[in-house]
Amino acid sequence: MPPASMLIILELFCSSCKDSVEDELELSAARHRPEALEQLEAQTRFSRKELQILYRGFKNECPSGVVNEDTFKEIYSQFFPQGDASTYAHFLFDAFDTDHNGSVSFEDFVMGLSILLRGTVQEKLNWAFNLYDINKDGYITKEEMLDIIKSIYDMMGKCTYPTLKEETPRQHVEIFFQKMDKNRDGVVTIDEFIDCCQNDENIMKSMQLFENVI
Amino acid sequence: MAAGVAAWLPFARAAAIGWMPVANLPMPIAPTNKNKHQDELIILNVSGRRFQTWRNTLDRYPDTLLGSSEKEFFFNEETREYFFDRDPDVFRSILNFYRTGKLHYPRYECISAYDEELAFFGIIPEIISDCCYEEYKDRKRENAERLMDDLEDNKDSKLPNMTFRETMWRAFENPHTSTMALVFYYVTGFFIAISVITNVVETVPCGYMPNQRDIPCGERYTEAFFCMDTACVMIFTVEYLMRLFAAPSRYRFMRSVMSIIDVVAILPYYIGLVMTNNEDVSGAFVTLRVFRVFRIFKFSRHSQGLRILGYTLKSCASELGFLLFSLTMAIIIFATVMFYAEKGSSSSKFTSIPASFWYTIVTMTTLGYGDMVPKTIAGKIFGSICSLSGVLVIALPVPVIVSNFSRIYHQNQRADKRRAQKVQKARLSRMRISKSGSSSAFLHSKRNGLNQSLELTQLPYYKMKLSPQGSLEEDQQLKKTTSLLESQHHHLLHCLEKTTNHEFVDERLYEQGYMQTALQNFPSQSPSLSSEEGITGTCCSRRTKKSMQPLSATHTHSHTHNLQELSALHIQCGERQALNTSRSSLNLMSDESGSLNCKSSGLVTTAIITIPTPPSNNSRASPDAPPPPNPDAPPLPNPGNDVVKISAL
């Protein structure tokens, strides 16, 4: 009996500790301070000045230092006033939130941007694959692709020319899979994806498009 | 776009890489940041107080003084700072606007000084944020009222072209404008008073006649009173007729309350004149004399307070109605109870329920005349309950009425709150417009083809000359109006369009297009048909065709580094379903005719093409004929492609 009761007491104690620790974590999550500038400089491909500019913009919009999903969606939706950008923003958020803790800190933000703007084509394609692979299992299925494409079409909104039809996203998915799925097994793996993209001039060119964004 | 969010535009653009593998079309070229320099601090010296901020912060609002090149006028070369000889305190709020995106109005600041500063720095007051906007509007309204009052005081001189009628009306409405009006005002007031006093004195007993007891003065000095009455009525009649003549809208004047009072005041006299001293009607005649008391209401023209009181009562109608209703309920209940309670007692005054009403009213209003009192014990008990409840029932609605009155009284002092609401609506609509401005700005620039959006595939024989002057100027002009931020945002939206292979249109066109596609069968989507579209029609839309790629690959690369924008002004005059066909053809790898067209289009100069031809005819017209590469005859039967293009190379 005594050991059992000891165990119970210990567990209660630990859980309360955990609660307080969790509280602390929550508190700290609410106010997050990023790693030092030098560390970020080492980890990303941005210069010091660029990091400064990025952080100022980031902190301006999110004074607490982290972005949660709702704020993220709100910010992203402002760029697409005609449509509904929330679904795509959700996928983006998942792609940026590499440690899956529900919030994007400045480090996550800047790492993501470093890949997108300064990374090699391989890395960018990797990132895109990661974005499309919603459940992060290494395969892009048709359903995942359909979700992604539907979310992109959602951003267009209702008033488009020509009018968006129900089967447009599906057709788009078909086209994509015809291009990418070489062995016709219904899923696209990372190698198929990278291979195929590297052979497609359009995609290669468009990957370089945003080099000079910062 | 909000200021802070502008900082996230690079992120949004970077995230657009996620669309790239999915897109089937090549993307437009990004706008370059021509004067790309590192972000620097700039110093703003406002009357000696130095403010510093990043240049980018100021660039967020390019249509203000500080955000545009207008500030260069204030640049001081020796000290390398921008000097403004303005109020530094107000400048604090203005600079905070750039920093936070919200404009605040400090309460201690004078409203006109603040307005001047805003006007100087090119900021519209409507963007004052909600927390300070009420205060700002209130102060502004007070100021405007003050100005108006001052204006009215100075408005003594007659406006030059007022007719006699208008002068008269003005004199009637504003007695202080001229001496005549003032005299008239006082004279009528005097006569109203005389008339009322006459009516009152007429009934006072006035001395004895030998054979009768006292008679009222009216019967003793009949002629005197009749003369007085006649004089007053004549004055009132003349006044009424003059007002009727001078009124701008006679019909409206006749319907107004004051004129009805006037009529009712003088009518009894005339009716009395007309009627003979007949016995039957003399009773009615006496009743009519009662209406003479309405003359006292004529005083309300002379007293603002009376008018407010009348208006208050009118607007408290619901509360008064409630009071009346609850009183009636209580009266009926208690009268019934008292009647049945007193039924038993003898010589009871409570003969019927309506007879008990009088007792109930007198008791509930705590008057207690004592002419009817309950005699039974039950009656006394219920009587006391009645008087207690009467106090409550009457006391409850009265504070509501009082508070209503005070509210209306204060409201009357700010009579144009309604005007403020209209302004609020205007402000909201302006803000909505500016918020939707981003989307409409994109559509607007699309329509002008100013998406300096260069598709990655270039026309093979693209010449870099600028032929017509006009287009170059327009080009520059339009470049000025879209800031870098806007052009980057538009580029992002354009990329999205390319990814999904659909275009943004505004509501109106969307509905039009929707109707069109619903009504019409799609013109055939054969490649040959698509090639029929006139030169410019296909050409510019074909720019993005993938088939162009192999042809133009080499050329593109050579031209990429010295690109110049192709400004093709698209003017839509109606349906665009032909464009539909051209778009659908984009996915088809087809023919060289397209390339032919494009080559030839290199020589097309500005030409305005208006084609009102119906689409169907031409689409059926020549299904097989290859399109004649005819650059010199722009007015081609452009089949239904009412997209008019002016290409300037």
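Criteria and cut-off values
- Residues numbered from 1 in each chain as written.
- Chains lettered and ligands numbered in written order.
- Predicted model: local features only at pLDDT ≥ 70, side-chain atom pairs only at ≥ 80, totals over all residues.
- Heavy atoms only, no water.
- Helix = DSSP H or I, 4+ residues; strand = E, 2+ residues; numbered from the N terminus.
- Buried < 20%, exposed > 50% of the residue type's maximum accessible area, 1.4 Å probe, protein only.
- Contact = heavy atoms within 4.5 Å.
- Areas by Shrake-Rupley, 256 points an atom, 1.4 Å probe, with all protein chains shown as cover.
- Patch = residues over 30% accessible without salt bridge, like charges linked within 9 Å, V, L, I, M, F, W, Y side chains within 5 Å.
- Salt bridge = Lys/Arg side-chain N within 4 Å of Asp/Glu carboxyl O.
- Core = buried A, V, L, I, M, F, W, Y, C linked by side-chain atoms within 4.5 Å.
- UniProt positions renumbered as here; feature names shortened; annotations may be inferred.
- Pairing = 2+ DSSP bridges.
- Buried area = accessible area lost by both parts, 1.4 Å probe.
- Polar contact = N/O pair within 3.5 Å; in protein donor to acceptor, adjacent residues only side chain to side chain.
- Nonpolar A, V, L, I, M, F, W, Y, C, P; charged D, E, K, R; others polar.

Chemist: With reference to specific residues and values, describe the overall build of chain B.
Modeler: The helix and strand tally for chain B stands at 29 helices and 7 strands. Per-residue burial over chain B gives 42% buried out of 649 residues. Looking at chain B alone, contacts between residues at least 24 apart form 73% of all its contacts between residues at least 6 apart. Total accessible area on chain B is roughly 35,500 Å²; 62% of this is exposed by carbon and sulfur atoms.

Chemist: Can you tell me about a nonpolar patch on the surface, naming the residues and giving the values?
Modeler: All names here are of chain B. Residues Leu 306, Leu 309, Leu 313, Leu 320, Phe 405 and Tyr 409 make up a contiguous nonpolar surface patch of roughly 490 Å² in combined accessible area. Going through the elements one at a time, helix H14 (304-315) and helix H18 (397-413) are the ones with two or more residues in the nonpolar patch. If one sorts the elements of the nonpolar patch by residue count, H14 sits on top with 3 residues. Mapped onto the elements of the fold, Leu 309 is located in helix H14. The class of Leu 309 is partly exposed, set by a relative accessible area of 41%.

Chemist: Residues and numbers for the nonpolar core, please.
Modeler: Core analysis: the biggest nonpolar cluster contains 75 residues, and A:Tyr76, A:Phe80, A:Leu92, A:Met145, A:Phe193 and B:Trp19 have the highest contact counts within it. For this core, the leading source of residues is helix H8 (residues 142-156) of chain A, giving 8 residues. Each residue touching A:Phe193, except ones within four places of it in the same chain, is listed here: A:Leu125, A:Ala128, A:Phe129, A:Tyr132, A:Phe176, A:Met180, A:Val188 and B:Pro21. Judged by nonpolar contacts, the second largest core, of 27 residues, contains B:Leu44, B:Leu95, B:Tyr98 and B:Phe121.

Chemist: Describe unusual backbone geometry, naming the residues involved and giving the relevant values.
Modeler: Residue and element names in this part refer to chain B. Phi angles above zero are rare outside glycine, and Ser 47 is one such case at about 50°. Note on placement: Ser 47 falls in the loop between strand S1 (41-46) and strand S2 (49-54). With relative accessibility at 35%, the residue Ser 47 sits in the partly exposed group.

Chemist: Can you break down the UniProt feature "domain: EF-hand" (unreviewed entry) in chain A residue by residue, with the values?
Modeler: Residues and elements named next belong to chain A. According to UniProt, the feature "domain: EF-hand" (unreviewed entry) maps to residues 84-119, 120-155 and 168-203 in the numbering used here. The span residues 120-155 is 72% helical and 8% strand by assignment, and the distance between its end C-alpha atoms comes to 28 Å. Taken as a whole, residues 168-203 contains 72% helix and 8% strand, while its terminal C-alpha atoms sit 21 Å from one another.

Chemist: Describe in detail the sheet that holds S1(B), supporting the description with residues and values.
Modeler: Think of a sheet as strands paired side by side through backbone hydrogen bonds, with each pair either parallel or antiparallel. Residues and elements named next belong to chain B. Spatially, the 4 strands line up as an open sheet ordered S2-S1-S4-S3, and their pairing is mixed. The strands lining the two open edges of the sheet, one partner per strand, are S2 and strand S3 (75-76). Alignment of S3 against strand S4 (residues 81-84), held across 2 bridges, turns out to be antiparallel. In the strand pairing of S4, Asn 76 is matched with Glu 81.

Chemist: How would you summarise the interface of chain B and chain A if you had to cite specific residues and measurements?
Modeler: At the junction of the two partners, chain B supplies 65 residues and chain A supplies 60 residues. A buried area of about 5,500 Å², summed over both sides, lies between chain B and chain A, and 69% of it is on carbon and sulfur atoms. For the pair chain B and chain A, the interface holds 0 salt bridges. Our enumeration of links across chain B and chain A arrives at 6 residue pairs in polar contact (both at pLDDT 80 or more). Listed by contribution, the elements that provide at least two residues to the side of chain B that touches chain A are helix H1 (3-6), helix H2 (9-15), helix H20 (437-447), helix H22 (484-500), strand S5 (503-504), helix H23 (507-519), helix H26 (548-560) and helix H27 (577-586) of chain B. Per-element tally for the side of chain B that touches chain A: the top contributor is H22(B), with 9 residues. The class makeup of the residues in the side of chain B that touches chain A is 37 nonpolar, 18 polar and 10 charged.

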